[in-house]
Amino acid sequence: MTLYIYKHVSLKNSNILNFSSPILSNSTAEWSPQFLPTTMAMAFKMATMGMRVTDECKNSFMEMKWKKVSRYIVFKIDEGSKRLTVDKVGAAGEGYDEMAAALPNDDCRYAVFDFDFVTVDNCRKSKIFFIAWAPTASRIRAKILYATSKDGLRRALDGIHYELQATDPTEMGFDIIKERVK
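What you are looking at is a predicted structure, and each value in this text was computed from that prediction instead of being measured.

A. Highlighting the nonpolar core. Ranked by internal contacts, the top residues of the largest apolar core, which has 22 residues, are Phe61, Phe75, Leu84, Tyr110, Val112 and Leu153. Among the elements of the structure, helix 2 (55–67), strand 4 (70–78), strand 5 (83–91), strand 6 (109–118), strand 7 (124–133) and helix 4 (140–156) are those that each provide at least two residues to this core. Of the residues forming this core, the biggest block, four residues, is contributed by helix 4. Residues Tyr96, Leu103, Ala111 and Ile177 belong to the second largest nonpolar core, which totals 18 residues.

B. Structural context of the pairing of strand 5. Here strand 3 (residues 52–53) pairs with strand 5 via two bridges, running parallel. Along strand 5, the bridge assignment pairs valine 53 with leucine 84. Note that strand 4 and strand 5 share eight bridges and pair antiparallel. The residue of strand 5 that forms the bridge with isoleucine 73 is valine 89.

C. Examining the pattern of salt bridges more closely. Applying the stated rule across the entire model yields eight salt bridges. Note that aspartate 116 and arginine 71 form a salt bridge whose closest N and O atoms lie 2.7 Å from each other. Separated by 45 residues along the polypeptide, aspartate 116 in strand 6 and arginine 71 in strand 4 bring together distant segments of the chain. A salt bridge links arginine 154 to glutamate 163; the nearest nitrogen and oxygen atoms lie 2.4 Å apart. Its relative accessible area of 22% is what places glutamate 163 among the partly exposed residues.

Conventions we followed
Residues numbered from 1 in each chain as written. Predicted model: local features only at pLDDT ≥ 70, side-chain atom pairs only at ≥ 80, totals over all residues. Heavy atoms only, no water. Core = buried A, V, L, I, M, F, W, Y, C linked by side-chain atoms within 4.5 Å. Buried < 20%, exposed > 50% of the residue type's maximum accessible area, 1.4 Å probe, protein only. Helix = DSSP H or I, 4+ residues; strand = E, 2+ residues; numbered from the N terminus. Pairing = 2+ DSSP bridges. Salt bridge = Lys/Arg side-chain N within 4 Å of Asp/Glu carboxyl O.

Rendered as structure tokens:
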């Protein structure tokens, strides 16, 4: 196993941050950890800690997927307990507009949406979308936390077909959802 460390390399008049150089390299560059920005250190710490996905999240997703008791689920991270929890579950009769309205304008969330449609062959199908919601008005710490925890939740929720990342409602409109399933 190779241990990687941050180093600062100065070439001519530009500064380059290099995160992929092993410690035991024969580089003549100067090691200078004081250039490590606080947010990068925080992101590394959060990425290595990981968030625990609660059983409530997994069970709610399985019920949505197999029993069709809900149309969407919104997940949030509880920073105090370091857990991913269910924020809101949309009933089977609710639609995409209700899910979009359930996402806050100033905080990040994850959402899964069960999209039912009819193919050109007149066959009913269902595809599950994973949406990573990170609005521009949310805190930087929240954006980093949600970005580093996304893969853990995706692995825990088996059966997701498509993924969207959105920072405003136009990036996850219903027309984009319909376009992706074509």
